[in-house]
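Observations on the three-dimensional arrangement
Next come the chains, spelled out residue by residue.
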Amino acid sequence: MLLICRVTGDPLRRVPERLIACWPSLSVVNTMNASPRCPPIIYTPPSGMYKLVKNLRMSSEVSFSTMATGMLLVCGLALFLTIKSNLLHSQQFTISFQRPSDCSVEQFYDISSQSCVKCGPNQSTSATGLSCECVTGFRVLATNGASITCQQCPLEKPAVTEDGYGCILCPGSLTEQGTCQCPSGSILVERDVQGNPLEEARCEVCNGAEPALSAPNSYGDRYQTQPSLPVQSAWFSTNLYSSAAACLVYTNLTACQALGNMCVMNMHSFSSVANDACGLYNTIFRATAALGSTQDISYWRANLPWLYYGDQPGLANRVLQTEPLPTGFSFKGHINLVAAVYNTRGDFLQWEKVGGNNLQLCPDTARRQEAAYTFGTAYQETCVLSVADLLRVYAEPLFYDVFVDLSRGEDRRLLPLPTRNLNQEYNRKFINQGNLNDWYLSRRVLLVDTLSGREKSLGSLPKVIRIASSIRIGFQLVPGTQKGQVFPPLLSVTYSDVLITAPNTQTVSVSFAVYYEMDQTEAHMKTDIALGVLGGVSVLYSLVKTASWKRRIGSPLIDIETVLKFLLFYAGDLANVFFFITVGTGLYWLIFYKAQHFVSVLLPLPGLQEERFIAYVGCAFALKTVQFLHKLIQQLSVDIFFIDWERPRGKANKTIQGTPSPVSIWRTYFVANEWNEIQTIRKISPTFQIMAVLFLLEVVGFSSLALRDPWSDLQRPPQSYAPPYSLTLRYGLAATLWLCIGLLQIIFFTAFHERFVEDKICQFVDLCSISNISVLLLSHRCFGYYIHGRSVHGHADTNMEEMNINLKREAESLCGQRGLLPNTDTQTFQISITSRLRLQYDRILEPLSRRNGPSRLVDAASGHPFDQSTKAYHTMNRFLGSVIDHAHRDMEYVVRDKLFFERVIGMEFLEPMDKSIFYNDESHSFSDVLFYGNEATLLIFDTLFFCVVDLGAQSFILAGVLTYVQQMIFRLIRNGIGRRNLANKTLVDQRFLI
């Protein structure tokens, strides 16, 4: 066992050697003869730690017994009431901000309470300004750690011992500090091997020859082995127990700080076994309860560093989410953070303004690093560092107590930043990775620890280093605030251990982030309410669509097909609900987040808070894709037939054989080709749409509005920091721009292009009239559209001269009008036909259906397929023409206007039982079977496709390219299969469809 003697209040650089032994020979000391001012403390190996802890506790009881006897009940009651009050009211832990430079010449800076304290009589401030020391010729009579009492040395012993607690006669001269001075090559000896003080100090010469090879250490107070024989040592084994003893017994402030630093090195972890750094700290914390607290904070024991907030259940929630900071924040304002910096030995170094690279390990420019502390800017920096560089730069760790500077004028206040150490363990369980109420908040962080992993000596290469691989500072907005109030920020640290094998090639990834969050519960609730209400409305609308579809197919039964159809309709309507809610949400955050000055809303955080939003976008895209494919399949299966009204001319045009000249088929081919061309026309230009959106986003710089910062600048300097993108803002921005440009195109196309340049839908109707051909379209079994193209001139097979004359007569109103009914111009109709008419229509096409079916159903005597098609064409042409001419009494029809409500809900109230119904349709709604009439669906589908690709790839350019490819693919599918369907249904040879 080794005798650990009393030490001075000097920095810890003296503590290890003074406390480890009084003599290098490690002799057994008779503790019964110990000095009364040097009580026996047993230093044992780690296996005997329980004995040390017991002695530490006993020593503390002895040291404080006199003082505690009269004050135990009062202090205990006061402490209980203080803690109880703090728990109930969640005290805001702010302290007065004082720097060492703020202390006067008669004051020293207390590194424990971080405040200025006045020195006593016969004392002066030390050279460091961090303690008081007795003036020359005075020794320390008593100390309680924070203060000392000085007594003048007698004339027979004028010198002060090295530890400052005794007076002694010197063998030679005195130093300026009043201590004995020995010549070079010798050490000063003031105590015997048993630890008793000598009457006169001795200067003993070190033996530099073999086998001793000894020399004075840097303090000249003991021998040390020279470097030719390496010494086996480690930081913890050298300093842990001596620091704990010096802290508890002698209240050495730097020793207490050093012990706290070793607890931080140990990740603030502790267990029921109190033989580690944090266990010793907690033992001393409990043993010194009578000393009271510092800065009115019950968790900050006098003379000790503040490492823990306490272990009460739910304390973390009360600290972080109960009382906001007394000052509000505005966007683009600066976050003032300061840190008290300590070295490993417990020395207070300085107050530092947090910024630059003191908490950020990744190298970068000062301007970019400073952006981390602009309020509202989501800062994220990740890099890969070389282990060799870390060993070179961080030879010794630094420790930071971080505060928020709340100073206003002369009122200088600091708010401690609670720390969440994700590596902290309690009884071998990680306690800070679960629920907030289970967290153990702490204080003090380090960045790189290359010291505690050195096994042999403090100068050897460490076996393992510990690095803060992730540092995150989080601000949470107070719900409902309009003045930018936030709760106390949270500093979260994750450490990684790197086993040193090849430091020159090893690397480690580190990150630093500052994030801002708010409670999204209310926003989620409002979104859910909107989804519920609009989702319910969409169910009703889908039921109406299903009822309309049942009426249009002429089937009153509810079967599996009906349920499937309802789900398809509901998918489309629900997709619109998700789409408009997500676009509205993204636009809301874009406007209100970027436009605010005093902070009232904050963006959803990446990850959990944005997952729901991204899920809604995914639902909108998936459901809209189902609706788009459903409409595409419907368009590719439409029944269509061209009714040719042209009849052979009279005898003057008979052929040589005496038969009338045949009617030309070229007019039908021409109309069929025009229909084929307009199948994929749209009200917008897809190419211009993509180019315009990309131009605004990438060239003009609108994409900068989606960055997670409060700035609204479209162009950013290249040397400035660019924060990560917000997926919510990115979606809202891209969707809004796409919709706005699309709507502008539609307005331009409808108001200008169709009116003054070209309207292909109206041109097709005119072409039908000039060609003397009507078009029957059946999108459902008993519902469709009719374009009346019967020429008012009777014939369309004519030469150019006659054609011009006919057009001139029509322009001068010298002939009848083009409408189906006399004296009307209405040529387009929605039609609801009877089942009888539909059965006759299918009967005429039945031979062709059998021809395309299995070979066993084909009638070999029916003739060549071309002959069958020709016969079916002429039969269908005569039949439909006769129906239009009212030639079939059992297949009559009436013409009427649709009711306003019928047009709104898209459903016919009257069911065609005996007569078909032709509804006047001035809006040319037959375009519903074309891309042209489904522009809203296509525009929303393209918007969602563009946004989904961008959210996945974070690239507007890639999203634009893939959207263009997608449009081309579906256009080719619509043209190719639509051409085949047109040939099959109109009985026009596909070879003539160009």
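Residues numbered from 1 in each chain as written. Predicted model: local features only at pLDDT ≥ 70, side-chain atom pairs only at ≥ 80, totals over all residues. Heavy atoms only, no water.

1. Quick look at the packing of helix α3 (residues 235-250) against helix α5 (residues 277-287)
Where we set the bar: To define axes, lines are fitted to C-alpha atoms, for helices over the stretch in contact only, and angles between the resulting N-to-C directions are given on a 0 to 180 degree scale. A run of H or I in DSSP becomes a helix once it reaches four residues, and a run of E becomes a strand once it reaches two; helices and strands are each numbered from the N terminus. Roughly parallel here means an angle under 35 degrees, roughly antiparallel means over 145, roughly perpendicular means 65 to 115, and every remaining angle is called oblique. Contacts are residue-level and defined by heavy atoms, with any inter-residue pair within 4.5 Å sufficient.
Two elements in contact, α3 and α5, have axes whose closest approach is 10 Å; the angle formed by their N-to-C orientations is 5 degrees. Relative to α5, α3 is oriented roughly parallel. Residues F236, L240, Y241, A244, C247 and L248 of α3 touch α5, and the partners they reach there are A277, L280, I284 and A287.

2. Re unusual backbone geometry
In most cases, non-glycine residues show a negative phi, while peptide bonds are predominantly trans. Here the phi dihedral of R444 falls at roughly 75 degrees; this positive angle occurs in a residue that is not glycine. Mapped onto the elements of the fold, R444 is located in the loop between β25 (429-430) and β26 (445-446).

3. Observations regarding the state of the cysteines
What counts, and what does not: In what follows, a disulfide is any cysteine sulfur pair within 2.5 Å.
Tallied over the full model, the rule gives nine disulfides. A sulfur-sulfur separation of 1.8 Å characterises the disulfide bridge that pairs C119 with C132. Where C119 bonds to C132 through sulfur, the torsion about that S-S bond is close to -85 degrees, and the disulfide is left-handed. In this pair, C119 is assigned in the loop between β5 (115-118) and β6 (123-125) and C132 in strand β7 (residues 132-134), connecting sequence segments 13 residues apart.

4. Brief notes about the confidence of the model for the protein chain
The predicted coordinates should not be examined in detail at positions where pLDDT is low. We count it as follows: Every residue gets a pLDDT, meaning the predictor's confidence in that residue, from 0 to 100.
When pLDDT is averaged across the protein chain, the result is 83; 85% of the residues are at 70 or more. Taking the mean pLDDT of every element in the protein chain, the minimum, 31, falls on strand β1 (residues 2-3) and the maximum, 96, on helix α20 (residues 935-953). A low-confidence stretch, residues 229-233 (pLDDT under 50), is modelled with eleven contacts involving residues beyond four sequence positions or located in other chains.

5. Side note on the pairing of strand β31 (residues 639-644)
So the rule is basically this: Here the term buried applies to any residue with accessible area under 20% of the maximum for its type, exposed to any over 50%, and partly exposed to those in between, with areas from a 1.4 Å probe on protein chains only. At least two bridges found by DSSP between two strands are what make those strands a pair.
Within β31, six of the six residues are buried, leaving the element largely enclosed by the surrounding structure. Residues of β31 alternate between two faces, with D639, F641 and I643 on one and I640, F642 and D644 on the opposite face, all of them buried. Taken together, the six bridges between β31 and strand β32 (residues 773-778) define a ladder with antiparallel strand orientation. When the bridges of β32 are listed, I643 appears paired with S774.

6. Notes on the packing of helix α14 (residues 727-757) against α20
Formally: Here a crossing is taken to be left-handed if its near helix is turned anticlockwise relative to the far helix by less than a right angle, and right-handed if that turn runs clockwise. Each residue gets one label: Ala, Val, Leu, Ile, Met, Phe, Trp, Tyr, Cys and Pro are nonpolar, Asp, Glu, Lys and Arg are charged, and the others, such as Gly, are polar.
For the pair α14 and α20, interaxial distance at closest approach is 10 Å and the crossing angle is 150 degrees. In terms of axis orientation, α14 runs roughly antiparallel to α20. Where α14 crosses over α20, the two elements pack in a sense that is right-handed. Here L727, R730, Y731, A734, A735, W738, L739, G742 and I746 of α14 come into contact with α20, specifically with E935, L939, D942, T943, L944, F946, C947, D950 and L951. Its residues assigned to classes, the contact of α14 with α20 shows twelve nonpolar, two polar and four charged.

7. A look at the pattern of salt bridges
Applied cut-off: Here, a salt bridge means any Lys or Arg side-chain nitrogen found within 4 Å of an Asp or Glu carboxyl oxygen.
Tallied over the full model, the rule gives 29 salt bridges. When the shortest N-O distance is used, the salt bridge between D102 and R412 registers 3.7 Å. Separated by 310 residues along the polypeptide, D102 in the loop between β3 (95-96) and β4 (107-110) and R412 in the loop between β21 (398-405) and β22 (413-416) bring together distant segments of the chain. Close ionic contact of E455 with K463 constitutes a salt bridge, the shortest N to O distance being 3.9 Å. The structure contains a network of salt bridges with shared partners spanning D639, R838, D842 and K985.

8. With respect to the sheet that holds β31
On the basis of which strands lie adjacent, the open sheet formed by six strands has the order β31-β32-β33-β34-β36-β35 and mixed pairing. The open sheet has two edge strands with one neighbour each: β31 and β35 (893-896). For this sheet the average axis-to-axis angle between neighbouring strands, irrespective of direction, equals 20 degrees. Two elements, strand β34 (residues 828-832) and strand β36 (residues 916-920), share four bridges in a ladder whose sense is antiparallel. Counted as the bridge partner of Q830 is Y919 from β36. Those strands touched by helix α12 (residues 666-677) are β31 and β32, and its axis lies near 145 degrees from that of β31.

9. Some points on the packing of aromatic side chains
Note the threshold: Aromatic pairs are defined between Phe, Tyr and Trp rings, using the six-membered ring for Trp, whenever the two ring centres lie within 6.5 Å; interplanar angles under 30 degrees are classed as stacked, those over 60 as edge-to-face, and all others as tilted. For a ring to carry a charge above it, either NZ of a lysine or CZ of an arginine must fall within 6 Å of the ring centroid while also lying within 35 degrees of the normal to the ring plane.
What the rule picks out here adds up to 52 aromatic pairs. Between the aromatic rings of Y281 and Y308, the centroid separation amounts to 6.0 Å while the plane-to-plane angle is 50 degrees, which identifies the pairing as tilted. On the criterion of sequence distance, the pair formed by Y281 in helix α5 and Y308 in the loop between β17 (297-301) and α6 (315-321) is long-range, its members being 27 residues apart. Taken individually, Y281 and Y308 each receive the classification buried, so the pair is uniform in this respect. Ring centres of F578 and Y616 lie 5.6 Å apart, and the angle between their planes is 45 degrees; on these two criteria the pair is classed as tilted. A residue pair is termed long-range when its members are at least 10 positions apart, and F578 in helix α10 (residues 560-595) and Y616 in helix α11 (residues 608-636) qualify at 38 residues. Classification of Y616 by relative accessible area gives buried; the value is 13%. Among the aromatic residues, ring-to-ring pairing joins F97, Y109, Y342, F348, W351 and F403 into one connected group. Over the ring of F403 we find R443; its NZ or CZ atom is 4.6 Å from the centre of that ring. In this arrangement the basic side chain of R730 is found over the ring face of F956, its NZ or CZ atom lying 3.9 Å from the centre.

10. Some words on the environment of Y426
Positionally, Y426 belongs in strand β24 (residues 425-426). Residue classification places Y426 among the partly exposed positions, given a relative accessible area of 32%. Along the chain, Y426 and S269 lie 157 residues apart, while their C-alpha atoms are 5.9 Å from each other. Contacts of Y426, omitting those with residues within four sequence positions, involve F270 and I431.

11. Some words on the nonpolar core
Our working rule: Grouping buried Ala, Val, Leu, Ile, Met, Phe, Trp, Tyr and Cys residues that are joined through side-chain atoms within 4.5 Å yields what is termed a nonpolar core.
Counting 155 residues, the largest nonpolar core has W351, F375, F512, Y731 and F946 as its most contacted members. Here this core gets ten residues from one element, more than from any other, and that element is α14. Sequence-distant contacts of F512, that is, excluding residues within four places in its chain, are made with L359, Q360, A372, Y373, Y379, Q380, E381, I471 and I473. Of all hydrophobic cores here, the second largest spans 29 residues; its members include C768, V775, L777 and F783.

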